[in-house]
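Notes for the structure review
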Amino acid sequence: MGRQPLNRLACGVGLSLTVSLALMACQRSTPPAKPTGPGSGTNKVEKDAAGASREQKQRELADLLQDAEDLFNRGENDLACDRVARADALSGSLSVAATNSQEQFRAACSQQ
């Protein structure tokens, strides 16, 4: 009698696995929608590339500001001011406002 519940469990698992595999095999994958307008496929690629490039520039901006902070903390102000200048140029090309720390760094650099 101890084997009967195990056999039922094994049958249930086997049956559900079989049904799942059968359903997956019967599913039809829908082909991707084709672009309707001229160049519509390229526009999406260009937008994706521009978005990726913008994200990369934003990460670079954050890295520059982090580097500047580290350099200021180590007393290497000339190198830090170089990073701040590069961050200012990059934020200008991204058309984003300077962060509070970026403004503080800029002020520290102008006092030198």
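Glancing now at the pattern of salt bridges. What the rule picks out here adds up to three salt bridges. The salt bridge partner of R86 is D82, with a shortest N-O separation of 3.8 Å. Taken together, the positions of R86 and D82, both in helix α3 (residues 77-94) and four residues apart, correspond to about one turn of that helix. Residue class for D82 comes out partly exposed when judged on its relative accessible area of 37%. Notably, a salt bridge pairs D88 with R106, separated by 3.1 Å at the nearest N-O pair. Here R106 lies in helix α4 (residues 100-110) and D88 lies in helix α3, a separation of 18 residues in the sequence. D88 sits in the partly exposed class, given a relative accessible area of 21%. R106 sits in the partly exposed class, given a relative accessible area of 36%.

On to the state of the cysteines. Summed over all chains, the structure comprises one disulfide. Here C81 engages in a disulfide with C109; their sulfurs sit 2.1 Å apart. Its S-S torsion of approximately -105° makes the covalent link between C81 and C109 left-handed. In this pair, C81 is assigned in helix α3 and C109 in helix α4, connecting sequence segments 28 residues apart. Here the two residues C81 and C109 agree in accessibility, since each one is buried.

Right, let's get into a negative patch on the surface. On the surface, E60, D63, D67, E69 and D70 cluster together into a patch of negative charge. Position of D63 relative to the elements: it lies in helix α2 (residues 40-73).

Within the structure shown, the criterion is met by one aromatic pair. Seen in terms of ring centroids, F72 and F105 are 5.3 Å apart; in terms of plane orientation they differ by 35°. Their pairing is tilted. Linking F72 in helix α2 with F105 in helix α4, this pair joins segments that are 33 residues apart in sequence. Like F72, the residue F105 is buried in the burial classification.

It is worth spelling out the confidence of the model for the protein chain at this point. On average, residues of the protein chain score 78 in pLDDT, and 61% of them reach the 70 mark or higher. Within the protein chain, the lowest mean pLDDT, 59, falls on helix α1 (residues 3-26), and the highest, 94, falls on α3.

A word on the packing of α3 against α4. Between α3 and α4, whose axes approach to 10 Å, the crossing angle comes to 130°. One finds that α3 runs oblique with respect to α4. As α3 runs across α4, the sense of the crossing is left-handed. Contacts between α3 and α4 involve C81, V84, A87, D88 and S91 from the first element and Q102, F105, R106 and C109 from the second. Considering only residue class, the contact of α3 with α4 consists of five nonpolar, two polar and two charged.

What counts, and at which threshold
Residues numbered from 1 in each chain as written. Predicted model: local features only at pLDDT ≥ 70, side-chain atom pairs only at ≥ 80, totals over all residues. Heavy atoms only, no water. Salt bridge = Lys/Arg side-chain N within 4 Å of Asp/Glu carboxyl O. Helix = DSSP H or I, 4+ residues; strand = E, 2+ residues; numbered from the N terminus. Buried < 20%, exposed > 50% of the residue type's maximum accessible area, 1.4 Å probe, protein only. Disulfide = S-S within 2.5 Å. Patch = residues over 30% accessible without salt bridge, like charges linked within 9 Å, V, L, I, M, F, W, Y side chains within 5 Å. Areas by Shrake-Rupley, 256 points an atom, 1.4 Å probe, with all protein chains shown as cover. Lys, Arg positive; Asp, Glu negative; His and termini not counted. Charge placed at Lys NZ, Arg CZ, Asp CG, Glu CD. Phe/Tyr/Trp six-rings, centres within 6.5 Å; stacked < 30°, edge-to-face > 60°. pLDDT = per-residue confidence, 0-100. Axes fitted to C-alpha atoms, helices over the stretch in contact; angles between N-to-C directions. Parallel < 35°, antiparallel > 145°, perpendicular 65-115°, else oblique. Left-handed = near helix turned anticlockwise from the far one by under 90°. Contact = heavy atoms within 4.5 Å. Nonpolar A, V, L, I, M, F, W, Y, C, P; charged D, E, K, R; others polar.

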